[in-house]
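Next come the chains, spelled out residue by residue.
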Amino acid sequence: MKILETKNVKKYYGNGDNCVKALDGVDLSVDKGELLAIVGTSGSGKSTLLHMLGGLDIPTEGSVMINGKELSKMKEEQLTIFRRRQIGFVFQNYNLVPMLNVYENIVLPLELDGNKPDRKYVHGIIDLLHLKGTETRFTNGLSGGQQQRVAIARALASKPAIILADEPTGNLDSKTSQEVLGLLKMSIKKFGQTLVMITHNNEIAQLADRIIRIEDGRICEG
Amino acid sequence: MKRREKIKNNNKRIIGHLAARSLRTSKTRNIFILLTIALSVGLLGVMTLAYSGTVVERNKEISVMQHVIYENLADPQIKALENTKKIDFLTLAKLGQGFEINGGMVRPVYYEEITEPIQTNSICEGTYPQNIHEIAVNRSFMNLMGLSASIGETVSLTFLDGESEAFVVAGFLEGGEVTKVYPVLFSKEYAEAGSQLKDIPYQALCRIQGAEKQSEQAFLETIRTIGADAGVERKNINENNNFSSSLTMSAIDVLVIAGVGVGILLVSVLVVYSVFYLSVAGRIQQYGQLRTLGATKRQIKALVNREGIILCIAGAVSGLLIAWLIAYCIKPQGWNWEHTLILSLVIFLADLITVFVSIRKPAKLAASVSAIEASGFSQYRQNGEKESKKILRKLTPLNLAVMSAMRNRKKTLLTMISLGVGGVLLLTGAAFIVSMTPEDYSRQGFYQWGEFVINYDYNATQTVENGNVGIQMNNPLNDELIASIQGINGVKDVLSFNKTQISYDYKDEINATDSLAPFTRENQENVKDALAEGSFDYDEMIAKDEILIANNTVADEIFGWKFEMGDIVTIRYFNGVEEVEKEFTIVGSMDTLSEQLILDKTSFTLLNKMILGLSIFIIGFSLINLINTLITNIVSRRQEFSMLQSIGMSNRQLMRMIQGEGLILALGNLVITLILGTGAGYLMVYLLRSVGATYMHYRFPSWYFMGYVLVTLLVPVFVSGASVRAFHKASLVDRLRKME
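Since the model is a prediction, treat every value here as computed from it, not as a measurement.

Reading guide: rules and limits
Residues numbered from 1 in each chain as written. Chains lettered and ligands numbered in written order. Predicted model: local features only at pLDDT ≥ 70, side-chain atom pairs only at ≥ 80, totals over all residues. Heavy atoms only, no water. Core = buried A, V, L, I, M, F, W, Y, C linked by side-chain atoms within 4.5 Å. Buried < 20%, exposed > 50% of the residue type's maximum accessible area, 1.4 Å probe, protein only. Contact = heavy atoms within 4.5 Å. Helix = DSSP H or I, 4+ residues; strand = E, 2+ residues; numbered from the N terminus. Expected span 1.5 Å × (residues − 1). Bend = angle between axes of the 7 residues up to and from the residue. Polar contact = N/O pair within 3.5 Å; in protein donor to acceptor, adjacent residues only side chain to side chain. Pairing = 2+ DSSP bridges. Buried area = accessible area lost by both parts, 1.4 Å probe. Salt bridge = Lys/Arg side-chain N within 4 Å of Asp/Glu carboxyl O. Nonpolar A, V, L, I, M, F, W, Y, C, P; charged D, E, K, R; others polar. Phe/Tyr/Trp six-rings, centres within 6.5 Å; stacked < 30°, edge-to-face > 60°. Arc of directions from axis to C-beta. Axes fitted to C-alpha atoms, helices over the stretch in contact; angles between N-to-C directions. Parallel < 35°, antiparallel > 145°, perpendicular 65-115°, else oblique. Left-handed = near helix turned anticlockwise from the far one by under 90°.

Colleague: Go over the nonpolar core, please, and point to the residues and values.
Modeller: Within the largest apolar cluster, 95 residues are counted, with the highest numbers of intra-cluster contacts made by Leu 108 of chain A together with Leu 400 of chain B. Those residues within four positions of Leu 108 of chain A in sequence are excluded, and the remaining contacts are Val 97 and Leu 100 of chain A together with Leu 395, Leu 400, Leu 644 and Ile 647 of chain B.

Structure below.
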């Protein structure tokens, strides 16, 4: 069953001679429960594609559908709410909120949605990601790896249908990387989630169900 | 051979290039800093240039006035004065006894046809009166007489002595459209032989050589010596107060301007500091990068400083140009390039120093960051807290706003203070405006107690035998009249003031006229408060024939001596039956406020107008400061907001959060404004009252404050809405990526 589908997605910056084609006609479909890895050189358009999939950016042409709903047809407010319920993001630069502590950062999307967090579940994630004991600390006091794990925990906390991760293991050592990916895999299995992640790490990419390679804004493998 | 190589750090060009680049990439911040600098410079400029304009204008007026009038002159004295080398110019004039016609005061005068360089009301139509029957008057005078304003018209004047004489109007005098005193200019022939002027001694209006360059004291010395040499008594030397006081700049005025100026600079230090602080904190990663690439701490500091200087120059120049325009509009007659350029330079330097002081700390902060630190830097790092007390606080938008303000206490406080200073200025300015209503102002003197003054007819006091006392013998202002006035519907109260005419002998003054006023036992405490010298006991005063001297300083000014405590004054008065002579002992002296008020009146109206204009400008300044600070606070955190949105904060929630933050700042600001602003306003009114502005009464400027509250609360609402809308022009990803 397809959960995510793109049709001829294009993203152009500038025009005329200066036109940069970040994405140049991407057709992609992801099944429910799939673990998809996107690889490619830097500047190939991986991150842009991920942002399109999550509705953070609007394609110049083409459409992105999640669960049969076209993102570009949603209103701003609708899209935001849809995003916080259906999609969990792991950003490359974490995007943690400095005025909040670790625990609050993790449950923020839930709270913004007006839901009470499932405490048992959240604490389970915290344990798994080795964040126990850091709950009340502010995020700017944490190491890069810890911040990355908080970002992952936040993406998992609201049990979204799709998790979009930009280099989720970029700042982690290989042992933790394996563990984190194991956790992500376990989570998608348990909750029937789908994971799309960008990675540079071949070992990590090999753990995925499917690997696609992007070059010059097009899918060339996969 | 050992050679010590000097490390050359020639980086002027690259620093300049980087600074220019940095400026181009942070336009919003630049606009706010420019606005702040331009506003403070503009305010300073308008204030000082308008003051300078007033001085220049006054000097222009003074330059066509006499420096001194020697009065009561006999022929030998006139000859002596004419032969005095130190007198550049001398012209003779006569001032006759005034009298009332149809409610207007008419003054017979004589002055020479050509009085340049001293300006007198010259003939604007017709001719200067040539023979004994010709006069020149204001056109409005013809109106007063009920005659048509044409040359050749015959006017019949009835003088105080009851004599009537007919004159032909030979010319009209300039000005006098709105006047209460109508001059009638007579011919030289009339001045010598006419009934009204022949017995009046001449006075000489003189301009003294090099007087403009003397100090006030030296000038007074000079004119008194000239007078003494020509045999003119001290009391007959009447210096032009306007001129003599212009020789020393008014210390109070300068102090007021300097004080307000320092205040404005302090406000701009705060604002520029907070804007630069936010901006530096926002791009700390960039500085870290530069440091990794080999920039020294000094270079980073130079970079931030350079940006500040460029902004300062641009802001100051635009501020000064605006100030020039406004100052010119306020005082077009007082425009003077030399003053303008010098003052502008001083203001410019003051502002340059201000900017240096403001960006010293942010520049240090920028320079102190190492490359590694920079990557993890956040404004929140400044706060030492590493852990929160609770694991989960309520995460509603409003709570997030509170948390943001609390987590970033330094910035919150800075912003509140920066807003608060503006608010305090606003409330003080507004307090001045509402505390000085035109009604209070026009109620100076007697009118502070009532709307009508009933007193003796001027012609009568001059003509009835024994003058004032003669009328008092059969006082028309008696209890019966007072009772009947009190009986009129709408009359609340009638207050009476008493004085009697006397003449006295003291020192070289023989038979000088003055007046004597009583005070009641109930009033003695007030009198004691006003006492400048000596002391008294009410009963002893009665028993021992003791008196108090009012306005001893005026005596000093006119006669060159003061009434000394313990001295005896011989006083003569008409007791209703006969002339009585009695000796009194001086036991005290006082300087009453009302007299001071008259002396300072001209300078007060000037100061008042300035403070009033300043208040309006300050109100504008603080409103723009308010909007500026609130917008900066939102715009500089665009990235932070985008981040919150990327993880699912909706527009509505974001707006609520921004509004919440605005509300917190507003509340802090309003508390500061209310407490300190009320205090400052009250203090200002108190100080102004203590220097004689008794028409000031402190009133809380509630309407202004309410308006301020409204603006403080509404601006964040509008700005948050507008910025959230503006954010949407760029996609979330772009906003996340962008540093500024």
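Colleague: Run through helix 11 (residues 337-368) of chain B, naming residues and quoting values.
Modeller: Residue and element names in this part refer to chain B. Between the first and last C-alpha of helix 11 there are 45 Å, a value that for 32 residues agrees with the 46 Å anticipated at 1.5 Å per step. The axis of helix 11 is deflected most strongly, by about 40°, at Arg 360, and proline Pro 362 appears within four residues downstream. You can read the cap of helix 11 off the contacts: a side-chain oxygen lies 2.9 Å from the backbone nitrogen of Glu 338, and it is on Asn 336.

Colleague: If you had to explain the pairing of strand 2 (residues 87-95) of chain B to someone new, which residues and values would you point to?
Modeller: All names here are of chain B. For strand 2, a buried count of seven out of nine residues is recorded, marking the element as mostly surrounded by other parts of the structure. The pairing of strand 2 with strand 10 (residues 202-208) spans six bridges and is antiparallel. Across the sheet, Ile 87 pairs through a bridge with Ile 208, a residue of strand 10. Sheet topology places strand 2 next to strand 4 (residues 104-111); three bridges connect them, and they run antiparallel.

Colleague: Lay out the interface of chain B and chain A in plain terms, naming residues and giving numbers.
Modeller: Contacts between chain B and chain A engage 34 residues on the former and 32 residues on the latter. For the pair chain B and chain A, the summed buried area comes to about 3,300 Å², and 61% of that belongs to carbon and sulfur atoms. Three residues, Ile 391, Leu 395 and Ile 647 of chain B, lead the burial of chain B against chain A; their summed loss comes to 21% of the area buried on that side. Run the count over chain B and chain A and you get zero salt bridges. Along the contact surface separating chain B from chain A lie seven residue pairs in polar contact (both at pLDDT 80 or more). Taken together, the residues of the side of chain B that touches chain A sort by class into 14 nonpolar, eleven polar and nine charged.

Colleague: Can you break down the packing of aromatic side chains residue by residue, with the values?
Modeller: All names here are of chain B. For the structure on display, the rule yields 21 aromatic pairs over all chains. Between Phe 167 and Phe 186, the ring centres sit 5.2 Å apart and the planes meet at 70°, which makes this aromatic pair edge-to-face. A residue pair is termed long-range when its members are at least 10 positions apart, and Phe 167 in strand 8 (residues 164-173) and Phe 186 in strand 9 (residues 181-186) qualify at 19 residues. When the ring of Trp 561 is compared with that of Phe 563, the centres are 5.3 Å apart and the planes differ by 85°; the resulting orientation is edge-to-face. The exposure class assigned to Trp 561 is buried, which follows from its relative accessible area of 10%. Classification of Phe 563 as buried rests on a relative accessible area of 8%. By way of ring pairs, the aromatic residues Trp 324, Tyr 328, Trp 335 and Trp 337 are connected into one cluster.

Colleague: Give a description of the sheet that holds strand 4 (residues 61-66) of chain A that names residues and reports values.
Modeller: Residue and element names in this part refer to chain A. With respect to topology, four strands assemble into an open sheet ordered 2-1-4-5, the strand pairing being antiparallel. With partners counted over all chains shown, the strands left at the sheet margins are strand 2 (20-31) and strand 5 (69-70), one partner each. For strand 1 (residues 2-13) and strand 2, the ladder comprises nine bridges, and the chain directions are antiparallel. Along strand 2, the bridge assignment pairs Leu 4 with Val 30.

Colleague: Give me the lowdown on helix 21 (residues 552-559) of chain B, citing residues and values where you can.
Modeller: Residues and elements named next belong to chain B. Those residues of helix 21 that sit buried are Asn 552, Ala 555 and Phe 559. Angular distribution of buried residues about the axis of helix 21 spans 50°; they occupy a single face of the element. Packing partners of the buried residues in helix 21 comprise strand 12 (500-506), strand 13 (509-516), strand 14 (531-534), strand 15 (546-550) and strand 17 (579-590). Phi turns positive one or two residues past the end of helix 21, at Gly 560, with a value near 85°.

Colleague: Before we move on, can you summarise the packing of helix 3 (residues 102-112) of chain A against helix 5 (residues 144-157) of chain A with the specific residues and values?
Modeller: Residue and element names in this part refer to chain A. Across the interface, helix 3 lies against helix 5 with an axial gap of 8 Å and an inter-helix angle of 30°. In terms of orientation, helix 3 lies roughly parallel with respect to helix 5. Considering only the axes of helix 3 and helix 5, their crossing is right-handed. Listed contacts from helix 5 to Val 102, Asn 105, Ile 106, Pro 109 and Leu 110 of helix 3 are Val 150, Ala 153, Arg 154 and Ala 157. Of the residues assigned to the contact of helix 3 with helix 5, the class counts are seven nonpolar, one polar and one charged.

Colleague: Explain the side chain of Ser 158 of chain A residue by residue, including any values.
Modeller: Assignment of secondary structure puts Ser 158 of chain A in the loop between helix 5 and strand 7 (162-166). On the accessibility criterion, Ser 158 of chain A (17% relative accessible area) is buried.

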